[in-house]
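So you can see what is in the structure, the chains are spelled out below.
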Amino acid sequence: MRNVTRVLVGVMVASFVAAVSVCAQTPTEADFGACNTEGRAAVKASTTTPLTKDYVRVESARTDGAAAWTTWVGPIRMESSDPQLTGMATDGITDAVYQATYRACMRRNGF
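A brief report on the enclosed structure follows. Here the structure is a predicted model, which is why all the values come from computation and not from measurement. The numbers attached to residues start from 1 for each chain and follow its sequence in the written order. Two thresholds apply to this predicted model, a pLDDT of at least 70 for residue-level local features and 80 or more for giving and counting side-chain atom pairs, whereas whole-chain, interface and lining totals are computed over all residues. Derived side-chain values reflect all non-hydrogen atoms in the structure, with water molecules and hydrogen atoms excluded from consideration.

**Describing the state of the cysteines**
So, step 1. Disulfide: a pair of cysteine sulfur atoms within 2.5 Å of each other. Applying the stated criterion across every chain yields a total of 1 disulfide.
So, step 2. Sulfur-sulfur distance for the disulfide between Cys 35 and Cys 105 comes to 2.1 Å. Given an S-S torsion of about -75 degrees, the disulfide between Cys 35 and Cys 105 has left-handed geometry. One end of the pair, Cys 35, is in helix H2 (residues 29–45); the other, Cys 105, is in helix H4 (residues 96–108), and 70 residues separate them in sequence.
So, step 3. For Cys 105, a relative accessible area of 2% puts it in the buried group. Under the DSSP-based scheme used, a helix requires at least four consecutive residues in state H or I and a strand at least two consecutive residues in state E, with every element numbered from the N terminus. The buried label applies to any residue whose accessible area, calculated with a 1.4 Å probe on protein chains only, is under 20% of its type's maximum; exposed applies above 50%, and partly exposed to all values in between.

**Remarks on H4**
Owing to its 3.6 residues per turn, the α-helix brings residues three or four apart onto one side.
So, step 1. Each helix should span, by expectation, one fewer than its residue count multiplied by 1.5 Å. Relative to the 18 Å expected for 13 residues at 1.5 Å per residue, H4 spans 18 Å between its end C-alpha atoms, a close match to the ideal helical length.
So, step 2. Burial runs high along H4: 10 of the 13 residues are buried.
So, step 3. Those residues of H4 not exposed but buried are Ala 96, Val 97, Tyr 98, Gln 99, Ala 100, Thr 101, Tyr 102, Arg 103, Cys 105 and Met 106.
So, step 4. Where H4 ends, the next residue or the one after it, Gly 110, has phi of about 95 degrees, a positive value.

**Some thoughts on the nonpolar core**
So, step 1. Take the buried Ala, Val, Leu, Ile, Met, Phe, Trp, Tyr and Cys residues and link them wherever side-chain atoms come within 4.5 Å; each set so joined is a nonpolar core. One finds Phe 32, Cys 35, Ala 61, Leu 85, Met 88, Ala 89, Ile 93, Tyr 98, Tyr 102, Cys 105, Met 106 and Phe 111 forming the largest nonpolar core, which totals 12 residues.
So, step 2. Elements with a contribution of two residues or more to this core: H2 and H4.
So, step 3. Top contributing element to this core by residue count: H4, with 4 residues.

Here you go:
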């Protein structure tokens, strides 16, 4: 009986460790670049329909940028309260289509 319990506990711990390692994946510069490229293309083609929260973030960035956004490395990467917008280029801050496309790209890539 003890061996069965040990095996079950071992399997549960291994499953938990595997789940945590999958969730711990962080985006790379290549991920940021690909999603920024996709965001710029969507703005030109107007292929994405933004959500209400995209419009709210855009309005916040326009009226009180310091409260909603902080610069990481010059004008290249941004940090947001929405983790799927981390790494977004500054030219997307005030465009809801860009933000929606960037967020969808990050989500599709597992972030």
